[in-house]
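Fold and contact review
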Amino acid sequence: MSAKECILIIGANGQIGSELTMALRKAYGSSQVVASDIKTPGKELKNSGPFEMLDVGDRNALHDVVRQYGITQIYHLAAVLSATAEQNPHFAWDINMRGLLNVLEIAVERKLNRVFWPSSIAVFGPGTPTENTPQSTIMDPGTVYGISKLAGERWCEYYHLKHQLDVRSLRYPGLISYRSLPGGGTTDYAVDIYYEALKNQQYTCFLAADTTLPMMYMPDAIQGTLALMQAAAGKISIRSSYNIASMSFSPEELADEIKKHLPEFTIAYKPDYRQEIASTWPRSIDDSQARKDWGWHPEFSIDRMTADMLNHIDKKIRQRSFY
Ligand code: AKB
């Protein structure tokens, strides 16, 4: 990326956005990275570089920000996640699709250099092979979130083929982090559990004990996103979205890891509507294409991640800065 690039992050306050913005500011300089969201940012985002209140559904407002800053790349992260989307399907469809189409259209109009848009393991469905799910396979998502992500993947590839737009994407698994909380996802239990283990030594999980899902620690997700976006265009053979994987575990296995640090911790299971969503998703993912094309290589295992999560969340709780 040249020194003249200027990056816009849409959805910068979210779980991925808050960390990705800081990583990009560190890598490319604060003034080169414009954070934006519909909600007021926290101190770290606000004080570390430019911030704009921006609704990506408002095409004119998006256009103004892109023109004002001379934006050359967009990371469009704003979306309604799986569990919330099932509560309000038409709202979720509108938010998830309108924002992406606005970004793709403006990227072509303004001849932007690169666009990043996240997809998800939710693009897979009950007909997909659940173990080591291939890059290219049956995709029959049964959730509105999954349908919007699959449609988004097709739109990304379409804009690449028809308009030569350099759009890149990753199918994120459940993301686990201690800096920002996720919101409205089916995999959110894997973050909540750490807070509850430290605060109350007990957690009631909304998924069944043996629900194995692909997961990833946020530092790997950030490192992977930067690696994908910095790779030479000739290395990118997938223009829909890349499978990426790190670890897979069930709530019971995660609880066992936590018990190694907090032996008094107990877990109970009360599956709700999110169980139905999780049951249609893969248990593990084949990410060999990402490894081959642009060198994807995660670092964290469940035990290293758990030690790091407990350490940081414990500090947050002591400082009384948790949610
Ligand atoms: C969700 O649970 O909705 C997300 C995802 C897997 O895309 N974390």
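Just so it is clear, the structure is predicted and the values come from calculations on it, not from any experiment.

Rules used throughout
- Residues numbered from 1 in each chain as written.
- Predicted model: local features only at pLDDT ≥ 70, side-chain atom pairs only at ≥ 80, totals over all residues.
- Heavy atoms only, no water.
- Helix = DSSP H or I, 4+ residues; strand = E, 2+ residues; numbered from the N terminus.
- Buried < 20%, exposed > 50% of the residue type's maximum accessible area, 1.4 Å probe, protein only.
- Contact = heavy atoms within 4.5 Å.
- Axes fitted to C-alpha atoms, helices over the stretch in contact; angles between N-to-C directions.
- Parallel < 35°, antiparallel > 145°, perpendicular 65-115°, else oblique.
- Left-handed = near helix turned anticlockwise from the far one by under 90°.
- Nonpolar A, V, L, I, M, F, W, Y, C, P; charged D, E, K, R; others polar.
- Core = buried A, V, L, I, M, F, W, Y, C linked by side-chain atoms within 4.5 Å.
- Domains from an automatic or database assignment.
- Pairing = 2+ DSSP bridges.
- Buried area = accessible area lost by both parts, 1.4 Å probe.
- Salt bridge = Lys/Arg side-chain N within 4 Å of Asp/Glu carboxyl O.

Focus on the environment of Leu20
In this structure, Leu20 sits in helix α1 (residues 15-28). When its relative accessible area of 0% is taken as the criterion, Leu20 is described as buried. In this structure, the C-alpha to C-alpha distance between Leu20 and Pro219, residues 199 residues apart in sequence, is 9.4 Å. Not counting the four nearest positions on each side in its chain, Leu20 is found in contact with Tyr75, Leu77, Ile222, Thr225 and Leu226.

Side note on the packing of α1 against helix α8 (residues 218-230)
The contact between α1 and α8 brings their axes to 10 Å, and the two run at 55 degrees. The angle between the axes of α1 and α8 places the two elements in the oblique class. The chirality of how α1 crosses α8 is right-handed. Where α1 approaches α8, its residues Gln15, Ile16, Glu19, Leu20, Ala23, Leu24 and Tyr28 are matched on the opposing element by Met218, Ile222, Thr225, Leu226 and Gln230. A class-by-class count of the residues in the contact of α1 with α8 yields eight nonpolar, three polar and one charged.

Some points on the nonpolar core
Grouped together as the largest cluster of nonpolar side chains are 47 residues, with contacts concentrated most on Ile176, Tyr189, Tyr194, Phe249, Leu254, Phe265 and Met305. The set of elements that each furnish at least two residues to this core consists of α6 (144-163), α7 (189-200), β8 (202-205), β9 (213-217), β11 (247-249), α9 (251-261), α10 (273-278) and α12 (302-318). Sort the elements by how many residues they give to this core and α7 lands first, with eight residues. Two domains share this core, each providing at least three of its residues, namely domain 1 (7-172 + 218-243) and domain 2 (175-215 + 246-285 + 300-319). Dropping the residues within four chain positions of it, Phe249 is found in contact with Ile176, Tyr189, Ala190, Thr211, Thr212, Leu213, Met215, Leu254, Ile302 and Met305. With 32 residues, the next largest nonpolar core counts Val33, Phe116, Ile222 and Ile238 among its residues.

Observations regarding the sheet that holds β9
The pairing of strands in a sheet happens through backbone hydrogen bonds and is either parallel or antiparallel. Here we have three strands laid out as an open sheet, ordered β7-β9-β11, and mixed in their pairing. At either end of the open sheet lies a strand with only one pairing partner, and these are β7 (174-176) and β11. Each adjacent strand pair in this sheet contributes to an overall mean axis angle of 45 degrees, direction not counted. Both β7 and β9 contribute to a ladder of three bridges, which runs parallel. Bridging across to β9, Leu175 finds its partner in Met216. Strands in contact with α7 are β7, β9 and β11; relative to β7, the strand with the most contacts, it is inclined by about 30 degrees.

Focus on the packing of helix α5 (residues 89-109) against α6
Between α5 and α6, the shortest axis-to-axis distance is 10 Å and the interhelical angle comes to 15 degrees. By the criterion of interaxial angle, the relationship of α5 to α6 is roughly parallel. Helix-helix and strand crossings are classified by hand; for α5 and α6 the assignment is right-handed. Every residue of α6 that contacts α5 at Pro89, Ala92, Trp93, Asn96, Met97, Leu100, Leu101, Leu104, Glu105 and Val108 is listed here: Val144, Tyr145, Ile147, Ser148, Ala151, Gly152, Trp155, Cys156, Tyr159 and His163. Within the contact of α5 with α6, the residues separate by chemical class into 15 nonpolar, four polar and one charged.

Concerning the domain arrangement of the chain
According to the domain assignment, the chain consists of domain 1 (7-172 + 218-243) and domain 2 (175-215 + 246-285 + 300-319). Taking the mean C-alpha position of each, domain 1 and domain 2 sit 25 Å from one another. Contacts between the two partners involve 28 residues from domain 1, matched on the other side by 24 residues from domain 2. Summed over both partners, the interface of domain 1 with domain 2 comes to about 2300 Å²; 59% of that surface belongs to carbon and sulfur atoms. Between domain 1 and domain 2 we count two salt bridges in total. Residue Glu19 pairs with Arg179 through a salt bridge whose shortest N-O separation is 3.8 Å. Contributing elements (two or more residues each) for the side of domain 1 that touches domain 2: α1, α4 (82-87) and α8. Per element, the largest residue contribution to the side of domain 1 that touches domain 2 is five residues, and it comes from α4.

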